[in-house]
Amino acid sequence: MYKYTLSILLLFCSFFSNAKQITGIISDTEGKPIPFANIYCTQLATGTTSNIDGEYQLELPIGEWNLQYRYLGFKTKEVNVNMSENTLEINVALAPQTYQLSEVKVLASGEDPAYFVMRKAIAMGDYYTKQVSEYNNTVYLKGSGKVTSVPGLFKKKLEEEGIVKGKTYVTENISKIHFELPDKVDEEVISIRTSGLDEQANPMQFITANLYNTRDDGFISPLDKTAFSVYRFQLESVFEDQGRTINRIKIIPKRKGKDLFRGYLNIAETYWNIHSADLKLSLPMTDVNMHQLYAPVKDDVWMPVSFDFNIEFKGMGFGLNGMYVASIKDYKVTLNPNLNHDFLKQQELARIQEAENIKQLNNQEESEVVSAKEKKRKEEIQDLLDKNEMDNGDMRRLYRLMEKENEEKRSEKIREPLEIKIEKVKMAKDAKNKDSLYWDEMRPIPLSSDEKISFEKKDSIEIVRNTPEYKDSVRKANREFKFKHLLLGKTYRYKEENSTFSIPGIFALDKISYNTVQGFTFDAPFRYTKQDTIGHYFDIEPNLIYAFSRKHLDFSLESKYRYKGMKRAWIGFKAGSEAVDFNASTGIHPFLNAMSSLYFKDNYLKLYDKNYAGIWQKTDISNGLSLFTSLEYANRKQLYNTNKWYIFDPDDKEYSSNIPEGIDPSLVKDSKAFTFMAQLEYTPRHRYTISKGVKRMTRYHNQPTFALRYKQGINDIFDSETDYSLLEVAVKQGIETGFNDRLEYKMKAGSYLSNKQSFFADYRHFNTSKPRVMIGSSWDNFRLLDYYQYSTTEDYLEGHLLYTSDRLLLKRLPILNNSLAIQENIFTNYLTHADKKNYWEVGYGLSQIFLLLDVEVVWSFDGSHHRDTGVKLKFNL
């Protein structure tokens, strides 16, 4: 037995050790090379892809093998090869595909037969998505790109980073892939190489792409169950390939949009699986052309064996042409044991019987004893599959029956886990150290001449970069102080200590601001951070702010420490002196106030002087339930305008005082406050990821988030004068209502349970934005309410509702139909309390204009009385 086993192992090893190479060029009948053609050996479940010049190479063991040469638009050519000790060179010319228009059936309804094909393909989509429960394969992925244009402003900087117009950048890797339903992907990078800046390549988005479901990627597939509402289909022709009749379907979007494909989808008759795809996407400033070829890797199991993507980007003065090509081989697949695969067997029987024109067999025995209900469902499925004409209702019914069949075959329904597994890419120890001889032997797709030059240049650069002298110089550059850092600022990175240190720059324009209380100010923040790989994080930020008109220097020190990454547990403190907005949490953006003051003499920002010290903590009590508490002591002093400088005064007016309009001056006088705050926040079944010992909650989800906040002004501690208590409840939620459609709402209600003594800084302030221009990404603000005017200590209720859609009103017009990035918004805001009864706003807007600008028109009302109308511009900075 031992000798027998040993001989088998030796035979197996010699079988692959004696592999020889076959090379050649794939061209059309006129001699023009065919880029990215697929060469596949079904017997070995292995293959390769030609390069951009049509050149290919493939390792095969000694023996006789059948090779299939394929590409979209060409007939498949089969070649039998006898591999011996010598390397073979076989050049193959592919003939154009012959499309048999005469075989296109005309339905009695007059409907294009493409709809019949697509209905069956969509209905079978749930089965084909889950047909294989797991598989392994080997992937070779190559990406190359060339910068075609660079704005002059960035040209020098990019050249310093090694990015040069006209230069080709290449990356390639070989990976082992393991996939398990529903979406588990394990990748081991065997080798990786690049001529660019970073050795990063992730083929998962290409290799595990599923044309039956592209919604998670932001697209509507032609095979989505809602496809008939957004696509038209035309049966262009049919052709034969590998014993199957293939329907060539033209995909035509009913509207233009960044979420829709166009091009061709080839569907196999009878089986209704994908044979190949030639699809295009038009994204903002980017055009993508993708080709996919499928091949049988096991009986009735067709899997992708070749991908190529061409990407062209043009925008903001930049231009880039990119390409990805992938060759997949060594498939090992496991049929899903929880599915009934008899449908394919029955379809195969039907195909053979139709071809032989024999009577269909009756009373076929079932392979297992089934219930009357299950038997009836099977018969319904088969009846629908056998229909010569199928309408949308039939398609939906078949889809539901297939889905139900697949669900009931599962042994148990598994609830979606809370943790979202981050697919970790395992990197072989020597993956980055493979030499050119290794790549010449293992690379299945030959390099083009430009790609060879790119790697040759990179190899010569790497020789220098790998010297100790060069590495020391890089380390020194990251740490060494230079005079220009004082002018422009700098973040020093200490890789070995996993820490950073940042200093401000004197000429950093974003650190300069203006208000009428302080005049021009200069902000000088410093920062030091340090973290480890088990979830600990330390951050300390000293900050200096000098107010030139007040001739006053403020200083603050803030620090925080995460001591348990899995509990998201933090502790922190903050102390110092600052000029603070009365509405500290949702007040006007300092830059917007500076521009409004200098150019229109509208000094919206109102400030008080705050000398303070406080501590806080935050932790998760359980998954989705967090607790935040804080204590703060503040000595608050009234401030006055000290500067009247301006650039323009279009209305010939004076600056307003630093006391908010309509507010009792006694509310802004000097005061002392000792404040306690606690907040509970809960999101049911809040999913999360874990990375380097840190639990991170997902930002976008469909679950509601509930919050309970309590704030107490405590009297007589450190001479504190405040004595009040505020209780607030809130709920917010975002719901996907359709593809690229989202409904969001926020509701808050609060009550001052007691209010013996409070000052304006203790009031409940609301998120308002009076200027015509807004800055920031917040959507839950009142567009036409004055700042501070309706702040309150009375019971209050506020609500916000936003509906975002890719296509609502104006986007249906031809002039905006091509605007791929623009979205439409309808929103309403509501506020009521003792001093402001039933105020509400309604508005309509276009967002993401040039990717950063929103335009809105807003109407406001007091009850049923129209109050104001405004046009708003918002920059999402």
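Residues numbered from 1 in each chain as written. Predicted model: local features only at pLDDT ≥ 70, side-chain atom pairs only at ≥ 80, totals over all residues. Heavy atoms only, no water.

Right, let's talk about the overall build of the chain for a bit. A count of helices and strands for the chain gives 14 helices and 41 strands. Taking all 877 residues of the chain together, the buried fraction comes to 46%. Partitioning the contacts of the chain with sequence separation of at least 6, the portion at a separation of at least 24 is 60%. As displayed, the chain has an accessible area near 45,500 Å², and 55% of this comes from carbon and sulfur atoms. (Helix = DSSP H or I, 4+ residues; strand = E, 2+ residues; numbered from the N terminus. Buried < 20%, exposed > 50% of the residue type's maximum accessible area, 1.4 Å probe, protein only. Contact = heavy atoms within 4.5 Å. Areas by Shrake-Rupley, 256 points an atom, 1.4 Å probe, with all protein chains shown as cover.)

Now for the sheet that holds strand β15 (residues 274-283). In spatial order, the strands read β12-β13-β14-β15-β16-β17-β18-β9-β10-β11-β19; together these eleven strands make up an open sheet with mixed pairing. At either margin of the open sheet sits one strand with a lone partner, and together these are β12 (231-241) and β19 (425-427). When the angles between neighbouring strand axes are averaged without regard to direction, this sheet yields 20°. The sheet contact formed by strand β16 (residues 286-298) and strand β17 (residues 301-315) spans twelve bridges and is antiparallel. Across the sheet, the residue bridging to L293 is S306, located in β17. Sitting on the sheet, helix α2 (residues 113-123) touches β12, β13 (244-253) and β14 (261-268), and the angle it makes with β12 is about 85°. (Pairing = 2+ DSSP bridges. Axes fitted to C-alpha atoms, helices over the stretch in contact; angles between N-to-C directions.)

So, on to the sheet that holds strand β2 (residues 38-41). Across the sheet, four strands lie side by side as β3-β2-β5-β6; this open sheet has antiparallel pairing. Two strands in the sheet have a free side with no partner beyond their single neighbour: β3 (46-49) and β6 (77-83). If you compare each strand with its neighbour and ignore which way they point, the axes differ by 25° on average. Two strands pair when backbone bridges link them, and β2 and β3 are joined in this way by four bridges, in the antiparallel orientation. Bridge pairing in β3 links I39 to T48.

Three or more residues of helix α13 (residues 590-600) are buried, namely L592, N593, A594, S596, S597 and L598. Its buried side turned inward, α13 meets β22 (512-515) and β36 (773-775). Positive backbone phi, at 55°, marks K601, one or two positions downstream of α13.

Turning next to the nonpolar core. L211, L223, Y231, F233, L265 and Y331 are the most contacted members of the largest nonpolar core, which totals 59 residues. What Y231 contacts, discounting residues up to four positions off in sequence, is I220, S221, P222, I251, I252, P253, K254, D259, L260 and F261. (Core = buried A, V, L, I, M, F, W, Y, C linked by side-chain atoms within 4.5 Å.)

Our focus in this paragraph is the pattern of salt bridges. In the structure shown here, the tally under the stated rule is 31 salt bridges. The salt bridge involving E736 is made with R742; its shortest N-O contact spans 2.7 Å. The class for R742 is buried, based on a relative accessible area of 15%. It is possible to trace a salt-bridge network through shared partners that takes in E172, R193, D440 and R443. (Salt bridge = Lys/Arg side-chain N within 4 Å of Asp/Glu carboxyl O.)

For residues other than glycine, phi is negative in most cases, and the peptide bonds are mostly trans. Even without being glycine, D330 reaches a positive phi, approximately 60°. Along the polypeptide, D330 turns up in strand β18 (residues 318-335).

Looking now at α2. Across the eleven residues that make up α2, a large majority, eleven, are buried. Among all positions of α2, only P113, A114, Y115, F116, V117, M118, R119, K120, A121, I122 and A123 are buried. Put simply, D112 is the residue that caps the front of α2, since its side-chain oxygen is 2.8 Å from the backbone nitrogen of A114. (Polar contact = N/O pair within 3.5 Å; in protein donor to acceptor, adjacent residues only side chain to side chain.)

Of the strand pairs in this sheet, strand β5 (residues 63-70) and β6 are connected by seven bridges, and their pairing is antiparallel. Paired with N66 across the strands is N80, a residue of β6. Linking β5 to β6, which pair antiparallel, is a turn of six residues; within it G73 sits at a positive phi near 90°.

A few words on the pairing of strand β10 (residues 168-180). Of all the 13 residues making up β10, eleven are buried; the element is thus mostly covered by neighbouring parts of the structure. Bridge count between strand β9 (residues 132-149) and β10: 13 bridges; the pairing is antiparallel. Bridging from a neighbouring strand, G143 pairs with T171 of β10. Here ten bridges tie β10 to strand β11 (residues 184-194), and the two strands are oriented antiparallel to one another. Its bridge partner lying in β11, K176 is registered against E188. The antiparallel pairing of β10 with β11 creates a hairpin that spans three residues between the two strands.

It is worth spelling out a nonpolar patch on the surface at this point. On the surface, L509, I512, F520, F548, Y599, F600, W645, I647 and F648 cluster together to form a nonpolar patch covering roughly 920 Å² of accessible area. Here F648 is to be found in the loop between β29 (625-638) and β30 (671-682). Overall, the relative accessible area of 49% leaves F648 in the partly exposed class. (Patch = residues over 30% accessible without salt bridge, like charges linked within 9 Å, V, L, I, M, F, W, Y side chains within 5 Å.)

Looking at where T698 falls in the secondary structure, it is placed in the loop between β32 (694-697) and β33 (705-714). Not counting chain neighbours up to four residues away, the residues in contact with T698 comprise I420, H686, R687 and Y688.

Moving on, we come to the environment of Y69. Topologically, Y69 is positioned in strand β5. In sequence terms Y69 and L94 are 25 residues apart; their C-alpha atoms lie 7.8 Å from each other. Filtering out sequence-adjacent residues up to four positions away, Y69 remains in contact with I22, I26, N38, I39, Y56, K75, T76, K77, V79, I90, V92 and L94. A polar contact of 2.9 Å, which involves the side chain of Y69, links it to the side chain of Y56.

Okay, the packing of aromatic side chains next. Within a pair of aromatic rings, the relevant descriptors are the distance that separates the centres and the angle that separates the planes. Evaluation of the coordinates by the stated rule reveals 31 aromatic pairs. Each ring, one from Y127 and one from Y128, has its centre 5.2 Å from the other, and the planes form 70°; the classification is edge-to-face. When sorted by exposure, Y127 lands in the same class as Y128, which is buried. Plain terms: the ring middles of F766 and Y796 are 5.7 Å apart, the flat faces sit at 80° to each other, and that makes the pair edge-to-face. (Phe/Tyr/Trp six-rings, centres within 6.5 Å; stacked < 30°, edge-to-face > 60°.)

Turning our eyes to something else, we now look at a negative patch on the surface. A surface patch of negative charge is lined by D670, D716, D719 and E721. As for its position among the elements, E721 is in the loop between β33 and β34 (723-738). Accessibility expressed as a relative area gives 31% for E721, which makes it partly exposed. (Lys, Arg positive; Asp, Glu negative; His and termini not counted. Charge placed at Lys NZ, Arg CZ, Asp CG, Glu CD.)

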